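Okay, here's what each chain looks like letter by letter:
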Amino acid sequence: CGLTSTNGRKSTWRGARPGSGLGGLTWLVKALAVQDSSLVILLTIALTIALKIFYSNAGPDELRWVLYPTAVLVQAFAGMDFLFDPGKGYTAVGAPVVIGPGCAGLNFYVVALCMIIFSFISRFSRHHLYWFFFFALLTYGVMVMVNAFRIVGGIVLLDLGKRMGFDASGTL
């Protein structure tokens, strides 16, 4: 089972063999080992456009994958309990704080992902798709932490305003 190459030598496809450990994922591993950064740049642009379209129409239910980890971190740092309200997002129990679609941070994610991909992808000589997925996950984690710290900062300022006598009847 082989193909004859242009130099006349027989070439065999070295796909997944029993016991190779990769099973049917060999094609995926080979695809991810792409050497050209232009595919990653196109993928980044496509993801950016898709996220912007998605975010412009998304409600709290569709954004739970972003809002939930943010609410967990805010709960851990601010000591507030949050419950999911399908129409609003995560609302604090006993406080005027709502973590809703405006707090999702997808605009920050898009800007940060584009910045890191366009700045660093050309510096890596190999495996650009691996780096794309690594940066996408890293940026997601940074986005969740930044959102949580931003909201905790708002809660601290809300509490400080109450202590100083300012009207804090609105929702943060």
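This structure is a prediction, so every number in the text was calculated from the model and none was measured.

Participant: Would you take a moment to explain the packing of aromatic side chains for this structure?
Facilitator: A full pass over the atoms with the stated rule returns nine aromatic pairs. Centroid distance Phe-77 to Phe-149: 5.2 Å. Interplanar angle 50°. Geometry classified as tilted. With Phe-77 in helix α3 (residues 64-78) and Phe-149 in helix α5 (residues 128-163), this residue pair connects regions lying 72 residues apart in the sequence. Look at Phe-149 and you get partly exposed, because its relative accessible area is 48%. Centre to centre, the rings of Trp-131 and Phe-135 are 5.8 Å apart; their planes meet at 35°, and the pair counts as tilted. Residue Trp-131 and its partner Phe-135 are located together in helix α5, separated by four residues, close to a single helical turn. Its relative accessible area of 28% is what places Trp-131 among the partly exposed residues. Taken together through their ring pairs, the aromatic side chains of Phe-54, Trp-65 and Tyr-140 make up a single cluster.

Participant: I keep staring at helix α2 (residues 37-57) and nothing clicks. Help me out?
Facilitator: In a regular helix each residue adds 1.5 Å, so 21 residues correspond to 30 Å; α2 covers 31 Å between its end C-alpha atoms and thus fits that length. Residues Ser-37, Val-40, Thr-44, Thr-48, Leu-51 and Tyr-55 constitute the buried set of α2. Looking straight down α2, one finds its buried side chains confined to an arc of 80°; they lie on one side. Exposed and facing more than 90 degrees away from the buried side of α2 are Leu-42, Ile-53, Ser-56 and Asn-57. Elements that come into contact with the buried residues of α2 comprise α3, α4 (106-120) and α5.

Participant: Would you explain a nonpolar patch on the surface in this entry?
Facilitator: A surface patch of nonpolar side chains, about 710 Å² in accessible area, is lined by Phe-77, Phe-108, Phe-134, Leu-138, Val-142, Met-145, Val-146 and Phe-149. The biggest single contributor to the nonpolar patch is α5, with six residues. Here Leu-138 is to be found in helix α5. Using a relative accessible area of 39% as the deciding quantity, one classes Leu-138 as partly exposed.

Reading the values: rules and limits
By convention here, each chain's residues receive numbers from 1 onward along its written sequence. Local features in a predicted model are, by the rule used here, given only for residues with pLDDT of at least 70; side-chain atom pairs are given and counted only at 80 or more, and totals for whole chains, interfaces and linings are based on all residues. Hydrogens and water are ignored here; the side-chain numbers use all heavy atoms of the structure. Two aromatic rings, drawn from Phe, Tyr or Trp (for Trp, its six-membered ring), form a pair once their centres lie within 6.5 Å of each other, and the interplanar angle then sorts them: stacked below 30 degrees, edge-to-face above 60, tilted otherwise. Helix numbering and strand numbering both begin at the N terminus, where a helix is a DSSP run of H or I of at least 4 residues and a strand a DSSP run of E of at least 2. Burial classes follow relative accessibility: with a 1.4 Å probe on protein chains only, a residue under 20% of its type's maximum area counts as buried, one over 50% as exposed, and anything between as partly exposed. In this analysis, the expected span of each helix is defined as 1.5 Å times one less than the number of residues it contains. An arc is given here, and it is the one of the directions from the helix axis to the C-beta atoms. Here a residue-residue contact requires only that any non-hydrogen atoms of the pair lie within 4.5 Å. Here a patch means residues that are over 30% exposed by relative accessible area and free of salt bridges, tied together within 9 Å if like-charged and within 5 Å if nonpolar (Val, Leu, Ile, Met, Phe, Trp, Tyr). In this description, accessible areas are obtained by the Shrake-Rupley approach with a 1.4 Å probe, and a residue is regarded as covered only by the protein chains that are shown. Any Lys or Arg side-chain nitrogen found within 4 Å of a carboxyl oxygen on Asp or Glu counts as a salt bridge.

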